Amino acid sequence: MSSGIRAEVRIDDPPECVVTHASRSVGGRAHSVSKSTNPANPERVTEEFVLEGADDLDDAVELVDDVDLSAIFEYGTGSVYRFDRDLTRGCPCETVERFDSPVVDVRSRGSSLYLTFHAPDMASLQSIIGELQSQCSNLDVQRLLRSQQDGGDRNLVFVDRSALTDRQREVLETAHRMGYFDHPKQANAGEVAEELEITGTTFAEHIAAAQTKLLDAILEGNTR
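Note that the structure is a prediction, hence the values are computed from the model and not measured. (Residues numbered from 1 in each chain as written. Predicted model: local features only at pLDDT ≥ 70, side-chain atom pairs only at ≥ 80, totals over all residues. Heavy atoms only, no water.)

(A) Structural detail: the packing of aromatic side chains. Scanning the model with the defined rule gives four aromatic pairs in all. Between the aromatic rings of Tyr180 and Phe203, the centroid separation amounts to 5.3 Å while the plane-to-plane angle is 90°, which identifies the pairing as edge-to-face. Here Phe203 lies in helix α6 (residues 200-222) and Tyr180 lies in the loop between α4 (166-177) and α5 (189-196), a separation of 23 residues in the sequence. Put simply, the rings of Phe49, Tyr81 and Phe83 touch in pairs and so form one group of aromatic residues. In this structure, Arg107 is placed above the aromatic ring of Tyr114, and the distance from its NZ or CZ to the ring centre is 4.8 Å. (Phe/Tyr/Trp six-rings, centres within 6.5 Å; stacked < 30°, edge-to-face > 60°. Helix = DSSP H or I, 4+ residues; strand = E, 2+ residues; numbered from the N terminus. Lys NZ or Arg CZ within 6 Å of the ring centre and 35° of its normal.)

So this is what it looks like as structure tokens:
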């Protein structure tokens, strides 16, 4: 039975990301990101991406240290840029791939980077998200799609975080961060409520509403 999870995350102003630096500098978007390594120099990586909305990057981009972009191809609406970097630079893509989960899609819009990857299970997903959060303070999980296979049937469960209000999301994220859902619990309801500066009753209402919305999406998806 397959229990993999497809995840899309958004990271605002990620450190050490040349692609996002470029799209932010021109107020455009970047996509079709690819990379390769040279067996003769395995410590270096060559990356390419298509940048839309830039006529000339020579004077527009404020690049991270020791990275130079070069335009190598032009499309009707965008140009392909290439650069070399150290393999261990520490960008978000490398963080994900250290968990043996290849990044299948990379794109950026302005200062926001969007990554899509497949985690083999929930434990792996939590480890990846936790490591990303330790490096990138502005991370948001945009979408989760879970695959389950039983015999010849396959069910896809889509969880859309936009169904939650901002307050419900904040309560859920704080409770998770503090270990409220761990077994045994690392924090009780009162401690989480105190962290959020709300009453225990308000916390219970928000957490119940958030859990109901997420469970509705999961259980309805499983019955299709």
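(B) Structural detail: the pattern of salt bridges. All told, the structure shown has 14 salt bridges when counted by the stated rule. The partner of Arg98 in a salt bridge is Glu131, with the nearest N and O atoms 3.7 Å apart. With a gap of 33 residues between them, Arg98 in the loop between α2 (92-97) and β6 (103-109) and Glu131 in helix α3 (residues 122-135) connect regions that are remote in the sequence. When the shortest N-O distance is used, the salt bridge between Asp140 and Arg169 registers 3.5 Å. A residue pair is termed long-range when its members are at least 10 positions apart, and Asp140 in strand β8 (residues 139-150) and Arg169 in helix α4 qualify at 29 residues. Among the ionic contacts, a cluster of salt bridges with common partners joins Glu8, Asp105, Arg107 and Arg143. (Salt bridge = Lys/Arg side-chain N within 4 Å of Asp/Glu carboxyl O.)

(C) Structural view of α4. If you check α4, its first and last C-alpha atoms are 16 Å apart, about what 12 residues at 1.5 Å a residue would give, namely 16 Å. All buried positions along α4 are accounted for by Gln168, Arg169, Val171, Leu172, Thr174 and Ala175. Following α4 by one or two positions, Gly179 has its phi on the positive side, about 85°. (Expected span 1.5 Å × (residues − 1). Buried < 20%, exposed > 50% of the residue type's maximum accessible area, 1.4 Å probe, protein only.)

(D) The arrangement of the side chain of Ser101 in detail. Following the sequence through the fold, Ser101 ends up in the loop between α2 and β6. A relative accessible area of 1% places Ser101 in the buried class. Of the polar contacts made by the side chain of Ser101, one reaches the backbone oxygen of His118; its length is 3.2 Å. (Polar contact = N/O pair within 3.5 Å; in protein donor to acceptor, adjacent residues only side chain to side chain.)

(E) Here's a closer look at α5. For α5, every residue scored as buried is listed here: Val192, Ala193 and Leu196. The arc that holds every buried residue of α5, seen down its axis, measures 100°, which confines them to one face. If you check the start of α5, you find a side-chain oxygen 3.1 Å away from the backbone N of Gly190, and it comes from Asn188. Of the residues trailing α5, Glu197 is marked for its positive phi of about 60°. (Arc of directions from axis to C-beta.)

(F) Quick look at the nonpolar core. Residues Phe49, Leu115 and Phe117 are the most contacted members of the largest nonpolar core, which totals 31 residues. Contact partners of Leu115, with chain neighbours within four places excluded, come to Ala7, Glu8, Val9, Ile11, Pro92, Cys93, Val96, Val103, Asp105 and Val106. (Core = buried A, V, L, I, M, F, W, Y, C linked by side-chain atoms within 4.5 Å. Contact = heavy atoms within 4.5 Å.)

(G) Structural context of a nonpolar patch on the surface. A cluster of nonpolar side chains, Ile72, Phe73 and Tyr75, forms an exposed patch at the surface whose accessible area comes to about 320 Å². Turning to its location among the elements, Phe73 is positioned in strand β4 (residues 70-74). Residue Phe73 is classed as partly exposed on the basis of its relative accessible area of 46%. (Patch = residues over 30% accessible without salt bridge, like charges linked within 9 Å, V, L, I, M, F, W, Y side chains within 5 Å. Areas by Shrake-Rupley, 256 points an atom, 1.4 Å probe, with all protein chains shown as cover.)

(H) Layout of the packing of α4 against α5. The contact between α4 and α5 brings their axes to 10 Å, and the two run at 125°. Here α5 runs oblique to α4, going by the angle between their axes. Both α4 and α5 take part in a crossing whose hand is right-handed. Where α4 abuts α5, its residues Arg167, Glu170, Val171, Thr174, Ala175 and Arg177 lie against Val192, Glu195 and Leu196. For the contact of α4 with α5, a count of residues per class yields four nonpolar, one polar and four charged. (Axes fitted to C-alpha atoms, helices over the stretch in contact; angles between N-to-C directions. Parallel < 35°, antiparallel > 145°, perpendicular 65-115°, else oblique. Left-handed = near helix turned anticlockwise from the far one by under 90°. Nonpolar A, V, L, I, M, F, W, Y, C, P; charged D, E, K, R; others polar.)

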